[in-house]
Each structure stands twice: as structure tokens, then as C-alpha cells.
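Residues per chain, in single letters:
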Amino acid sequence: MPDDIILETQNLAKEFAGFVAVGGVSLRVVRGSVHALIGPNGAGKTTCFNLLTKFLQPSAGRILYKGRDITALAPAHVARLGLVRSFQISAVFPRLTALENVRIALQRKRGASFDFWRSKRVLDRLNDQAMKMLDDVGLSSFAPLPAAELSYGRKRALEIATTLALDPELLLLDEPMAGMGREDIERISALVRTVAASRTVLMVEHNLSVVEDLSDRITVLTRGQILAEGNYQTVSSDPKVREAYLGVGHG
């Protein structure tokens, strides 16, 4: 496995009672890049994400992370290795403040213990670091607010902050712009660009403007298989992609 490839799949497949959701996907993600996985609904994108982060076990094939075969590893083990997923639906604790959400994520990184039975001072030691992470995602002024009171876009920013608290080397983003208006899309796009300056990002995203703006390389899936790969100009001008994903005659 070349040093510049951080994640590779070899003939990855997943079947559900005879239905092939992912069929022989061989994917290579270059270290330090933003790699987008796109395709129509039902193309197998989220199943691929579930396989890569070990929430599903593949029916066949291998997954290599930094040259190591992680196919048989548990999700928590994979996350500790530095491959961390942010979910399609915002996954924060709604009744906790923004600061507390990030602080718990930082605490999780420390190991098996959440220190719930210890003095509050144990957690307070992490406040400075949590505030720095909130500032990095533009949420420092929202630190004392319960997550439930944040706008949808800011909840997604908070979720990314809690994911970054685990210090991932490879960040997998599942539709980071889903359900957002223009202002939130611009904010989260800028955040992803900042995050990608020091990490590798693999993302599923339906917003093609975002894909064009952020991605170094794009893999197009359809019916669980790779249809095309390349930069945005290459895949968007591919007749097979235009028919299967963009629609015939898309301008």
C-alpha cells in the first residue's frame, strides 16, 4: 500500500438477503485529500460508510487503513486508530451545553473512563481545550447554550467539533450539508476546508456545488459499484455519470 494512500478497499461487498448493496468496490483515498463519494439514492454510499467504520461487516473484500487490514476490527478500535465518522443526522446531546458536548468527547479520547463519578474539577480541566475547539468551528459565543437551542447548521458544526475532539487522521462526513440553507452551507463548507488542511476527509454529499467546491477527487457509485472516478470536471462530463446521477441533458 503506497504511503500516499491512507485508506483502501479491495473488492468490498455487502449483501442483504441476496440483495447486493455494495458489489466489489475498490476505493483509494489519498492522504491529505478531500474525497467525495456521490451517487443517486440507493447507490450504496451510506452502506460503504457503514462498512468503512465497521458498523457493518462486509460479505467479501478487505479494508486497509494506513496499510493495516482493519476488516475484522470493531468500530471503537477503528476510531481509536484515527478513522472517525460524523453522522448524517446530528448526533449531539441536546440537553448538554455546547461546551459540555465537546468536553465529553475530549474525555472519551482519554480512554475507557468517562469520570462521571469523580469531582467536576476533573472535567473542568478540559474546558480550555474545549473552548479552543468551539472557537475553531465558530461556536465560542454559544458555549453555554444547550445544544437543543442551536440552529441546525450550528448543531452540525458542534457535531464536527465533537468528532475533531477525537483527533481523527481520517474524517468521514456523512452528508454534512443535509437540510441546510445557503448561509449554513457556506459556514460548514468553510469549516470542512479548514479541517481538511491538516486531515484527510472522505465525505458523502448530495450538494454538487459543495462537491465541486471542496473535493480533490470524486468517486461516483451506482447500484453498489463504482461508475466513474476523477476530479469534478472529469466525472461531471462523463456521459455515464450524467445519465445515472445528474440525469440526461443536465446542463
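This structure is a prediction, so every number in the text was calculated from the model and none was measured.

So, the packing of helix α6 (residues 152–164) against helix α7 (residues 182–196)
Item 1. Interaxial distance between α6 and α7 falls to 9 Å at its minimum, and their mutual angle equals 15 degrees. Judged by the angle between their axes, α6 and α7 are roughly parallel. Helix-helix and strand crossings are classified by hand; for α6 and α7 the assignment is right-handed. For the pair α6 and α7, the contacting residues are G153, R154, R156, A157, I160 and L164 in the first and D184, R187, I188, L191 and V195 in the second.
Item 2. Looking at the contact of α6 with α7, its residues break down into six nonpolar, one polar and four charged.

Focus: the nonpolar core
Side chains of a nonpolar character, in soluble globular proteins, are inclined to be buried together.
Item 1. In terms of nonpolar packing, the biggest core is built from 45 residues, with V102, L134, L158, M177, I188 and M203 touching the most fellow members.
Item 2. A per-element tally of this core places α7 first, with six residues.
Item 3. With residues near it in sequence (within four places) discarded, L134 still touches A98, L99, V102, L139, S140, A143 and L158.
Item 4. V78, L83, L202 and L221 belong to the second-largest nonpolar core, a separate cluster that totals 25 residues.

Structural notes on the sheet that holds strand β10 (residues 217–222)
Pairing between sheet strands relies on hydrogen bonds along the backbone, with the strands arranged either parallel or antiparallel.
Item 1. Reading across from one edge, β7-β8-β9-β4-β10-β11 is the order of the six strands in this open sheet, with mixed pairing throughout. Of all the strands in the sheet, the pair left with one neighbour each is β7 (83–86) and β11 (225–230). The average angle at which neighbouring strand axes cross in this sheet is 20 degrees, direction not considered.
Item 2. Examined bridge by bridge, β7 and strand β8 (residues 170–174) share four bridges and lie parallel to one another. Each bridged residue has a counterpart across the sheet, and for S86 the counterpart in β8 is L173.

A closer look at the packing of aromatic side chains
Item 1. Under the defined criterion, the tally for this structure stands at zero aromatic pairs.
Item 2. It is K14 that lies over the ring of F16; its NZ or CZ is 5.4 Å from the centre.

With respect to the pairing of β11
Item 1. Inspection of the sheet shows β10 paired to β11 by five bridges, in the antiparallel sense. When the sheet's bridge partners are listed, V220 is paired in β11 with A228.
Item 2. The turn joining β10 and β11, which pair antiparallel and follow one another in sequence, is formed by two residues; a positive phi near 50 degrees is taken by R223.

Considering α7
Item 1. Over its 15 residues, α7 runs 21 Å from end to end, which matches the ideal 21 Å to within 8%, given 1.5 Å per residue.
Item 2. Taken together, the buried positions of α7 are occupied by D184, I185, I188, S189, L191, V192, V195 and A196. Projection of α7 onto a plane perpendicular to its axis shows the buried side chains occupying an angular sector of 165 degrees, all on one side. Opposite the buried face of α7, by more than 90 degrees, sit the exposed residues R182, E183, E186 and T194.
Item 3. Where the residues of α7 are buried, they touch β4 (34–38), α5 (127–136), α6, β8, β9 (200–204) and α8 (208–214).

Parameters and conventions
Residues numbered from 1 in each chain as written. Predicted model: local features only at pLDDT ≥ 70, side-chain atom pairs only at ≥ 80, totals over all residues. Heavy atoms only, no water. Axes fitted to C-alpha atoms, helices over the stretch in contact; angles between N-to-C directions. Helix = DSSP H or I, 4+ residues; strand = E, 2+ residues; numbered from the N terminus. Parallel < 35°, antiparallel > 145°, perpendicular 65-115°, else oblique. Left-handed = near helix turned anticlockwise from the far one by under 90°. Contact = heavy atoms within 4.5 Å. Nonpolar A, V, L, I, M, F, W, Y, C, P; charged D, E, K, R; others polar. Core = buried A, V, L, I, M, F, W, Y, C linked by side-chain atoms within 4.5 Å. Buried < 20%, exposed > 50% of the residue type's maximum accessible area, 1.4 Å probe, protein only. Pairing = 2+ DSSP bridges. Phe/Tyr/Trp six-rings, centres within 6.5 Å; stacked < 30°, edge-to-face > 60°. Lys NZ or Arg CZ within 6 Å of the ring centre and 35° of its normal. Expected span 1.5 Å × (residues − 1). Arc of directions from axis to C-beta.

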